[in-house]
Amino acid sequence: MITTSAEVYFEEADELLAKGDLVQACEKYYKAAEEAIKLLAFEYGLQDVIREAEENGWDSKTLNDTVSELSKRLGDKIIDAWASAVTLYTARKFLDKDLVELYREGVKAIVEEAKRRFKGEG
């Protein structure tokens, strides 16, 4: 069975969370979401943002543009989920375990969507 990079990062983040390494877990959760967003861009054939990424790299503007385009297909839930990932990354030094677990659910939603799409499950 093929595992996406987003799934790998998510599993690593869960392991770090279980060990109590909240900062590293937050960083891995963000990376999982980022990889899932990239995968979804390719799976949905979002040529404009893919071209933007080729020119500028996957910077925060390109990622946000991708999420905006994905929301047209997946609804606002993708924006909320991405907001969870961004919060985990930007506030990683200030979050307690309960908040990390809460925001983790948003990242999980993105990773699961990418997994379904990539593996042809939806």
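Refer to the structure above for everything that follows.
Residues numbered from 1 in each chain as written. Predicted model: local features only at pLDDT ≥ 70, side-chain atom pairs only at ≥ 80, totals over all residues. Heavy atoms only, no water.

A. Highlighting helix H3 (residues 47–56). Along H3, the residues classified as buried are Val49, Ile50, Glu52 and Ala53. Down the axis of H3, the smallest arc covering the buried residues is 155°, so these residues share one side. Exposed and facing more than 90 degrees away from the buried side of H3 are Asp48, Glu54 and Glu55. Among the structural elements, helix H2 (22–43) and helix H4 (60–74) are those in contact with the buried residues of H3. Phi turns positive one or two residues past the end of H3, at Gly57, with a value near 80°. (Buried < 20%, exposed > 50% of the residue type's maximum accessible area, 1.4 Å probe, protein only. Helix = DSSP H or I, 4+ residues; strand = E, 2+ residues; numbered from the N terminus. Arc of directions from axis to C-beta. Contact = heavy atoms within 4.5 Å.)

B. Representation of the packing of aromatic side chains in the model. Under the definition given, this model contains four aromatic pairs. With a centroid separation of 6.5 Å and an interplanar angle of 55°, the aromatic rings of Phe42 and Trp58 are classed as tilted. Taken as a pair, Phe42 in helix H2 and Trp58 in the loop between H3 and H4 lie far apart in primary sequence, 16 residues in all. Ring pairs connect the aromatic residues Tyr30, Trp82 and Tyr89, which therefore count as one cluster. Seen from the ring of Tyr89, Arg92 lies directly overhead, with NZ or CZ sitting 4.1 Å from the centre. Directly above the aromatic system of Tyr44 lies the positively charged group of Arg117, at a separation of 4.1 Å from the ring centroid. (Phe/Tyr/Trp six-rings, centres within 6.5 Å; stacked < 30°, edge-to-face > 60°. Lys NZ or Arg CZ within 6 Å of the ring centre and 35° of its normal.)

C. Main features of the environment of Val23. Within the element layout of this structure, Val23 appears in helix H2. For Val23, a relative accessible area of 29% puts it in the partly exposed group. Put simply, Val23 and Lys93 are 70 residues apart on the chain and 5.9 Å apart in space, counted from C-alpha to C-alpha. Beyond its immediate chain neighbours, meaning those up to four positions away, Val23 contacts Arg92 and Lys93.

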